[in-house]
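# Architecture and fold: a report
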Amino acid sequence: MEEHEDEQLAKEEGQEGQQEALTRVTGMYKDWFLDYASYVILERAVPAIEDGFKPVQRRIMHSLKELDDGRYNKVANVVGHTMQYHPHGDASIADAMVQIGQKELLIDTQGNWGNILTGDRAAASRYIEARLSKFSLEVVFSPKITDWQSSYDGRKKEPVNLPVKFPLLLAQGAEGIAVGLSTKILAHNFIELIDASIKHLKGQRFILYPDFPTAGIIDVTNYNDGMRGGKIRVRARISQLDKNTLVINEIPYGTNTSSLIDSILKANDKGKIKIKKIEDNTAAEVEILIHLPGGISPDKTIDALYAFTSCESSISPLGCIIEDNKPLFIGVQEMLERSTDYTVELLKAELEIQLGELEEQWHFASLERIFIENRIYRDIEEEETWEGVISAIDKGLKPHIKHLKRAVTEEDIVRLTEIRIKRISKFDIDKAQQLIESLEDRIAETKNYLANLIEYAIDYFKGLKSKYGAGRKRKSEIRIFDEIEATKVVIRNTKLYVNREEGFVGTSLRRDDYVTDCSDIDDIIVFTKSGQMMITKVDSKTFVEKNIIHVAVFKKKDKRTTYNMIYKDGRGGASYIKRFNVTGVTRDKMYDLTTGKAQSDVLYFSANPNGEAEVVTVNLRQAGSIKKVKWDLDFADVIIKGRGSKGNIVTKYPVKRIELKEKGLSTLKPRKIWFDDTIQRLNVDGRGELLGEFTSDDRLLIINQKGVVKTAIPDLIMRFDSDMIVLEKWIPKKPLTAIYWEGEKELFYIKRFLIENPDKDETIITSHPKSYLEKLFTDYRPVAELVFAKKRGQERKDNQEVNLEEFIGIKGITAMGNQLTKEKVLEINALQPLPYEEPEKHEAKDIEVVDEENVTPASKTANTPKADDENEDDSKEGQTKLF
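Values in this document were obtained by computation on a predicted structure and should not be read as measured data.

With that settled, consider the overall build of the chain. Broken down by element type, the chain carries 18 helices and 48 strands. Relative to the globule expectation of 29 Å for 883 residues, the C-alpha radius of gyration of the chain, 41 Å, shows a markedly less compact shape. Judged by the C-alpha coordinates and their principal axes, the chain covers about 155 × 120 × 50 Å. Taking all 883 residues of the chain together, 46% fall into the buried category. Within the chain, residue pairs in contact and separated by at least 24 positions form 67% of the contacts whose partners lie at least 6 positions apart. As displayed, the chain has an accessible area near 47100 Å², and 46% of this comes from carbon and sulfur atoms. A distance of 6 Å separates the average location of the 131 positive side-chain charges in the chain from that of its 146 negative side-chain charges.

This is the structure we're talking about:
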């Protein structure tokens, strides 16, 4: 192949006057591309495991150390100094320095260094200043144990790696894109890293999760130790300020307030959410106010913000580092272990150097004392040559050096000759001995540290935590996220129409029949007169089949909506009745709800969102000897089966018409609702604490620590405040008892009340800023124990047991209540309530409940069994499956 290329090149070069001579590049890419890729990986994009720095970051830190005099330096000056070591331009150095400074760990900054919350850039490097932080001076630099190499032009020496005695890589995080690979190591909490290092040194297990400077909420379920394939989900912290206002106080990592607001405005423009206006009040802390139009649910809007905007995003970590000039993929646990072990090695190297220096100091201090105390300096008075001087001192020292730890060298003797006369004349034997003894103590201490190196390293990490750990608590809250279904929270931003006769459905058929409001991500379910059914995506215009009898927005896994149908089985065939649900099917596939015979026809059809079972009247055609041509049929007597079931026979004779006689009631029982404390959401799947069985009239009682009491109809999209102290089924006639501290009177007050206005949020404590809710009882007959404070010079008063039912009667919710006691109370405890028998409840046979998913329907009659499972496998290759 190469020979052919050479011949072709020679022919081209031989064509005179047609083109200029070409340069042969065969093989160039084989070497040059690999060299380039290696350079980008090793020298630019990926950090080293030893110190956690990329080369440009390491050179910035080295330059700051060279310039360090305790005062601030202009960043432009530091950048210029760094260019002695870094082969790239000033812009890349300045950007890298700003990124280090914004992490507020290694660099002490002054001036406008930008804002990671708003995305504002830093001021020009000539306007901002920097110096090394105390932390970096302690843990990053140690010249005596640093390996050095020549800079790119050979004029300077720069560190190969800085001797960082801390898991800096995990504290700061790192991100870089190289040629053929990338790295994304997320930042972790300073204190948690130190605790993990200590645990590793003690041989204990530990686990690490990210912590971001922008705070927010994170789900680390699939973190996978920060390795390839892992993922974390990050969310903004959104709370409800009032019924028409939401506030964002923390933003997800990787966003800023500007990009977040842009994503919210785009979602609003697309009709996914509906907002009135946005205010950005962010300064030192994030505050974005989202004003909602009237009638819009705040809870649903919060879910929609997570589903359709940057308020929730996913981050995929990738742990890639450089070790021995090679990329290595490891998890954060191994990174910390390697960093901690490397720190121990560095501490050992520093101790060994320190021990050597101390022993040298002790050696010379001992020699100096012998030299002066024994007046050996007088032995050189008669010597005329340098060799004679050295020999005389060596001879004078020999009787006194048996206790020294090493031999006396010529360099030692030369140092003795350099001692000044003034020092000899003022020599103090006692001070010299004290110096030697102090050196011996320090030598012993250093040897002890070396002998107990792990304990020394643990104390070192504890010292870092005590000195620099203040104000570095975890910012990102770890929580398991609930799954948000976009179709449940999207705003219905368009209208659905149907042309029943022609068989078209869509959002553009404005001249035809209006069906319902829908969103552009909804699925719709369509039934036709011939007994066909199809589920399809909302579109401008879709053909299904002529003679459409029912269209609706389809809800996935909906076991509550029940379809009642009577159909004729082919031409001249018998009529059948069936009840069924539609839960999961393949989109855009036509399903036959009859037996499939030609000319099958639907005689009666109804869709019932709460499993209603109506009564219909069947009218037969008068023919032959038929005695009974009219009778009533109750759908409640029909078992709910799969959509593919044939059904029960109604009659083998021709049906004239079927009329609705009596509307049906729901055949579904009250639903059980649970509260999952892990994700702070309601559910009907049995996760968490059972709150009770709820009908459409039942409400939840919700009370928070601020003393705000409210009731609400349970909805699975509801969100709850973190300071909620009571969540239970509300019993209207059961009184509530509250004990609270009245700020103005500075006494505990007690009140018992009923909720008279369930649709209104009310505060049960006074408005004084020092008032607070101490205890709240939801028992019928509560009992409390008062523990009194000890008065000076007196014995502590015995605890008092108070029957709260007898102490105060039921008053209005806005009443102040009565004083509990004038004594100083140390604490108030809840005791076992007094017995109370609730009145018997008369359960209704049929109860209509609000529409929700994941509840198994059941018949109202005793002989109606549970619905059968779907009996058809509808999955096919190349088709979209609904779940």
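What follows picks up the thread again.
Okay, the environment of Glu285 next. Among the structural elements, Glu285 can be located in the loop between strand 12 (277-280) and strand 13 (288-291). For Glu285, a relative accessible area of 64% translates into the label exposed. Put simply, Glu285 and Thr118 are 167 residues apart on the chain and 9.7 Å apart in space, counted from C-alpha to C-alpha.

A few words on unusual backbone geometry. The backbone phi angle of Arg375 is positive, close to 50°, even though this residue is not glycine. Turning to its location among the elements, Arg375 is positioned in the loop between helix 11 (332-373) and helix 12 (386-397). Since its relative accessible area comes to 42%, Arg375 is described here as partly exposed.

In spatial order, the strands read 45-44-48; together these three strands make up an open sheet with antiparallel pairing. Every interior strand has two partners, whereas the edge strands, strand 45 (800-803) and strand 48 (825-831), have only one. On average, each strand axis in the sheet is inclined to that of its neighbour by 25°, with strand direction left out of account. Summarising the sheet, strand 44 (residues 783-788) and strand 48 pair through six bridges and their orientation is antiparallel.

All right, on to the layout of surface pockets then. Rolled over the atoms, a probe sized like a water molecule indicates the empty space that remains. Here the second largest pocket is characterised by a volume of approximately 1600 Å³. Lining the second largest pocket are 48 residues, with Gln240, Asp299, Lys710, Arg719 and Asp721 positioned closest to its centre. Within the residue set of the lining of the second largest pocket, elements represented by two or more residues are strand 10 (237-242), strand 11 (245-250), helix 10 (298-308), strand 37 (700-704) and strand 38 (708-712). In terms of residues, the lining of the second largest pocket owes the most to one element, strand 10, which gives six residues.

Moving on: the packing of aromatic side chains. With the rule as written, the count across this model stands at 21 aromatic pairs. Pairing Trp741 with Tyr772 gives two aromatic rings, centres 6.4 Å apart and planes at 20°, and the pair type is stacked. Here Trp741, found in strand 40 (residues 736-742), pairs with Tyr772, found in strand 43 (residues 772-777); they are 31 residues apart in sequence, far enough to count as distant. Residue classification places Trp741 among the partly exposed residues on the basis of a relative accessible area of 22%. Assessed through its relative accessible area of 36%, Tyr772 is described here as partly exposed. For Arg131, the ring lying beneath its charged end belongs to Tyr72, and the centroid distance is 4.2 Å. A cation sits over an aromatic face here: Lys541 above Phe504, 4.5 Å from the ring centre.

Let us now look at the pattern of salt bridges. Oppositely charged side chains can form a pair if their charged atoms are brought close together. In total, this model carries 47 salt bridges according to the counting rule given. Of the charged contacts in the structure, one is a salt bridge between Lys165 and Glu350, with a shortest N-O distance of 3.3 Å. With Lys165 in the loop between strand 5 (157-159) and helix 7 (168-172) and Glu350 in helix 11, this pair connects stretches of sequence that are 185 residues apart. When its relative accessible area of 3% is taken as the criterion, Lys165 is described as buried.

Attention shifts here to the sheet that holds strand 8 (residues 217-222). Strand order in the open sheet formed by four strands is 14-9-8-17, with mixed pairing between adjacent strands. Of all the strands in the sheet, just strand 14 (312-315) and strand 17 (477-478) have a single pairing partner and so form its edges. Here strand 9 (residues 231-235) runs beside strand 14; their pairing, made up of four bridges, is antiparallel. Across the sheet, the residue bridging to Val234 is Ser313, located in strand 14.

Quick notes on the rules
- Residues numbered from 1 in each chain as written.
- Predicted model: local features only at pLDDT ≥ 70, side-chain atom pairs only at ≥ 80, totals over all residues.
- Heavy atoms only, no water.
- Helix = DSSP H or I, 4+ residues; strand = E, 2+ residues; numbered from the N terminus.
- Rg over C-alpha atoms; globule rule 2.2 N^0.38 Å.
- Buried < 20%, exposed > 50% of the residue type's maximum accessible area, 1.4 Å probe, protein only.
- Contact = heavy atoms within 4.5 Å.
- Areas by Shrake-Rupley, 256 points an atom, 1.4 Å probe, with all protein chains shown as cover.
- Lys, Arg positive; Asp, Glu negative; His and termini not counted.
- Charge placed at Lys NZ, Arg CZ, Asp CG, Glu CD.
- Pairing = 2+ DSSP bridges.
- Axes fitted to C-alpha atoms, helices over the stretch in contact; angles between N-to-C directions.
- 1 Å grid on protein atoms, 1.4 Å probe; cavity = no way out; pocket = protein on both sides within 12 Å on 5 of 7 lines; lining within 4 Å.
- Points joined across faces, edges and corners; volume = space filled by probe spheres on them.
- Phe/Tyr/Trp six-rings, centres within 6.5 Å; stacked < 30°, edge-to-face > 60°.
- Lys NZ or Arg CZ within 6 Å of the ring centre and 35° of its normal.
- Salt bridge = Lys/Arg side-chain N within 4 Å of Asp/Glu carboxyl O.

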